[in-house]
Amino acid sequence: MFFVDTIELEGLGNRSYLAGGERTAVAVDPPRDVDRVLAAAARRGVRISHVVETHVHNDYVTGGLELARLTGAAYLVPAAARVSFARVPVADGDTVDVDADLTLAAVATPGHTPHHTAYVLSEAGRPVAAFTGGSLLIGTVGRPDLVEPRLTEELARAQHASAHRLADALPDETAVLPTHGFGSFCSSAQADGDATTIGEEKAANPALTTDVDAFVADLLAGLEDVPAYYAHMGPANAAGPAPVDLTPPAVADPDEIAARLAAGEWVVDLRNRVAFAEGHVAGSFNFEADGKLATYLAWTVPWGKPVTLLAESAGQLAAAQRELVRVGIDRPAAAATGGPAAWIRDGESPASFRRATFAELAARDADGTVVLDVRRASERAAGRIEGSVHVPVHELHHRIGEVPGGTVWVHCAGGMRAAVAASLLDAAGREVVAVDDGFDAAAEAGLSIATG
């Protein structure tokens, strides 16, 4: 009997897998913090004999090279991928034995990248699972615009062909196990559901139900902004990532926190947005540890800028470190735990700002205020507050000067991104109110909503 264990990377919206039999297993698209994969193998009592990559990843730093080094596993990487380290190059049709009666076959599936490769796991010659990486996802496909703008349409057409190749070659009951699609911006749309099969995708996936021209037109029209940090992930993976260091960072006292802020470094408060609004170190930024920390912090921070983390507990700090190494933010410059009372110097007081609902926004005196929408353009097109200003949260740090004068009432779709934006504005000296509410409540509150 075979097994497949899923290793969730919830903050990044990805999945890795460990699949095998009684004695040995293969790791697919492993995260950089490889101890999670090693622990999964230990629970199963198996040796990792192979580590495989579906592609050179654009949205996270892989742990594949380090996992192969630690376990002595063969490291399989698509042959056409340009990398700077020794690996086993994999071409279409190559197979390896994973365990007794358990084989893994490489299937060229270009589209997400030109070299993308899926892997089909077969038991006694019968396909049982397809590790589809960024090709065929749940109800969608991986986006084709992350490699080179001039290749985007060509790769979109390749995605359509690759999806059909998998669907035509595999039995309907074959499990489809993608890496992307659970919140990752590597997906052209987000997964509708948690599990799927080839048969289910044949019935519902636009790549398999729509002709190629219509599919490509819809796919290209729906592409979102690319997170800025993606530009650094591919090169890091191609060069061969270094091992991670998850030991606690140096402890920062109030004087050091103040000095780092004065030097223009980023001090990031990981506490929830309610606690941050009530009191925080002036000049610090709020990226909730329970939100999409790695995605939005890596997207927003100037790349390479030293980051000091403020956490309510050692556990929260450790979890944040683990998430950040996955996107190449390897070592915090310093850290502190507790709360504002332990982080500010004697004689200083915590900064704070208001939180509100859309009903309170509707009831405000509009004179001297501005409504700032920090959602993505696609979200705004579906409905926006009349007269609001639009700056996506990932652009706000560089565009604060474009926000009109007055008190800024900032909103997103649910509150998390508004809290990030409010902290950026507050640090810049603006008077701000963070709207912590679901956007559906805007119309219910009587605010005028426009579309298009």
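Before reading on, note that the structure itself is shown above.
As the structure is a prediction and not an experimental result, all values here were calculated from the model.

Here the focus is the overall build of the chain. For the chain, the count of helices and strands is 17 helices and 22 strands. Its C-alpha atoms give the chain a radius of gyration of 23 Å, near enough to 22 Å, the size a compact globule of 452 residues would have. Relative to its 452 residues, the chain shows a buried fraction of 55%. Considering only contacts in the chain between residues 6 or more positions apart, those separated by 24 or more positions represent 69%. For the chain, the computed accessible surface area is about 17600 Å², with 50% contributed by carbon and sulfur atoms. Side-chain charges of the chain comprise 35 positive and 60 negative groups, with the mean position of each set lying 3 Å from the other.

A sheet is described by the order of its strands in space; here four strands give the open sequence 13-12-14-15, paired in parallel fashion. On the outer flanks of this sheet lie strand 13 (285–286) and strand 15 (334–337), each paired with one strand and no other. Of the strand pairs in this sheet, strand 12 (residues 266–269) and strand 13 are connected by two bridges, and their pairing is parallel. Residue valine 268 lies in a different strand from strand 13, and its bridge partner there is phenylalanine 285. Sheet strands in contact with helix 8 (residues 254–262) are strand 12, strand 14 (307–311) and strand 15, and its direction is about 135 degrees off that of strand 15.

Right, let's talk about the nonpolar core for a bit. With 53 residues, the main nonpolar core has Phe287, Leu297, Leu309, Leu372, Leu396, Val410 and Leu425 as its most contacted residues. If we skip the residues at most four places from it in the chain, leucine 396 touches Leu372, Val391, Val403, Ala421, Leu424 and Leu425. Core analysis: the second largest hydrophobic core is formed by 21 residues, Ala41, Leu67, Val77 and Val83 among them.

Reading across from one edge, 16-21-20-17-19 is the order of the five strands in this open sheet, with parallel pairing throughout. Edge strands, defined here as strands with exactly one partner in the open sheet, are strand 16 (354–356) and strand 19 (389–390). Here helix 16 (residues 416–427) sits on the sheet in contact with strand 17 (369–373), strand 20 (407–411) and strand 21 (432–435), set at roughly 155 degrees to strand 20.

This part takes up the packing of helix 3 (residues 152–169) against helix 6 (residues 212–221). Following both chains from N to C, one finds helix 3 and helix 6 inclined at 125 degrees, their axes separated by 9 Å at the closest point. As the angle between them shows, helix 3 and helix 6 are arranged oblique. For the pair helix 3 and helix 6, the sense of crossing is right-handed. For the pair formed by helix 3 and helix 6, the contact residues are Thr152, Glu153, Ala156, Arg157, Gln159 and His160 on the first element and Val212, Asp213, Phe215, Val216, Leu219 and Leu220 on the second.

Moving on: the environment of arginine 355. Note that arginine 355 resides in strand 16. Taking the relative accessible area as the measure of exposure, arginine 355 reaches 35% and is therefore partly exposed. Separated by 63 residues in sequence, arginine 355 and alanine 418 have C-alpha atoms that sit 10.0 Å apart. Dropping the residues within four chain positions of it, arginine 355 is found in contact with Arg273, Val274, Ala277, Glu360, Val433, Ala434 and Asp436. A polar contact is formed between the side chain of arginine 355 and the side chain of aspartate 436, at a distance of 2.9 Å.

Turning our eyes to something else, we now look at the side chain of threonine 407. Checked against the element boundaries, threonine 407 lands in strand 20. Within the local environment of threonine 407, its side chain forms a polar contact with the side chain of glutamate 431, the two groups lying 3.5 Å apart. Not counting residues up to four positions away in its chain, the partners in contact with threonine 407 are Gly368, Thr369, Val370, Glu431 and Val433.

It is worth spelling out the pairing of strand 4 (residues 47–52) at this point. Of all six residues in strand 4, five are buried, a share of seventy percent or more. In this fold, the crossover linking strand 3 (residues 24–28) to strand 4 by way of helix 1 (residues 35–44) has right-handed handedness. With three bridges joining them, strand 4 and strand 5 (residues 74–78) adopt parallel strand pairing. When the bridges of strand 5 are listed, histidine 50 appears paired with alanine 74. Once you follow strand 4 into helix 2 (residues 64–71) and on to strand 5, the crossover reads as right-handed.

Once that is clear, we can look at helix 10 (residues 293–300). Here helix 10 lies mainly inside the structure; eight of its eight residues are buried. Here helix 10 has its buried residues at Leu293, Ala294, Thr295, Tyr296, Leu297, Ala298, Trp299 and Thr300. Among the structural elements, strand 12, helix 11 (314–325), helix 15 (393–399) and helix 16 are those in contact with the buried residues of helix 10.

Here we take up the pattern of salt bridges. On inspection of all chains with the given rule, the structure shows 30 salt bridges. One salt bridge connects arginine 157 with glutamate 153, and the closest N-O pair in it is separated by 3.5 Å. One end of the pair, arginine 157, and the other, glutamate 153, are both in helix 3, four residues apart, so they sit about a helical turn from each other. Judged by relative accessible area, which is 43%, glutamate 153 ranks as partly exposed. We note a salt bridge from glutamate 402 to arginine 399, for which the minimum N-O separation is 2.9 Å. By relative accessible area, which is 23% here, arginine 399 ends up partly exposed. Three or more residues joined by partner-sharing salt bridges are found here, namely Asp33, Asp35, Arg322 and Arg326.

About the cut-offs
Residues numbered from 1 in each chain as written. Predicted model: local features only at pLDDT ≥ 70, side-chain atom pairs only at ≥ 80, totals over all residues. Heavy atoms only, no water. Helix = DSSP H or I, 4+ residues; strand = E, 2+ residues; numbered from the N terminus. Rg over C-alpha atoms; globule rule 2.2 N^0.38 Å. Buried < 20%, exposed > 50% of the residue type's maximum accessible area, 1.4 Å probe, protein only. Contact = heavy atoms within 4.5 Å. Areas by Shrake-Rupley, 256 points an atom, 1.4 Å probe, with all protein chains shown as cover. Lys, Arg positive; Asp, Glu negative; His and termini not counted. Charge placed at Lys NZ, Arg CZ, Asp CG, Glu CD. Pairing = 2+ DSSP bridges. Axes fitted to C-alpha atoms, helices over the stretch in contact; angles between N-to-C directions. Core = buried A, V, L, I, M, F, W, Y, C linked by side-chain atoms within 4.5 Å. Parallel < 35°, antiparallel > 145°, perpendicular 65-115°, else oblique. Left-handed = near helix turned anticlockwise from the far one by under 90°. Polar contact = N/O pair within 3.5 Å; in protein donor to acceptor, adjacent residues only side chain to side chain. Right-handed = clockwise from strand over helix to strand, strands pointing away. Salt bridge = Lys/Arg side-chain N within 4 Å of Asp/Glu carboxyl O.

So, to be careful, I would describe these as geometric facts and stop short of saying anything about function.
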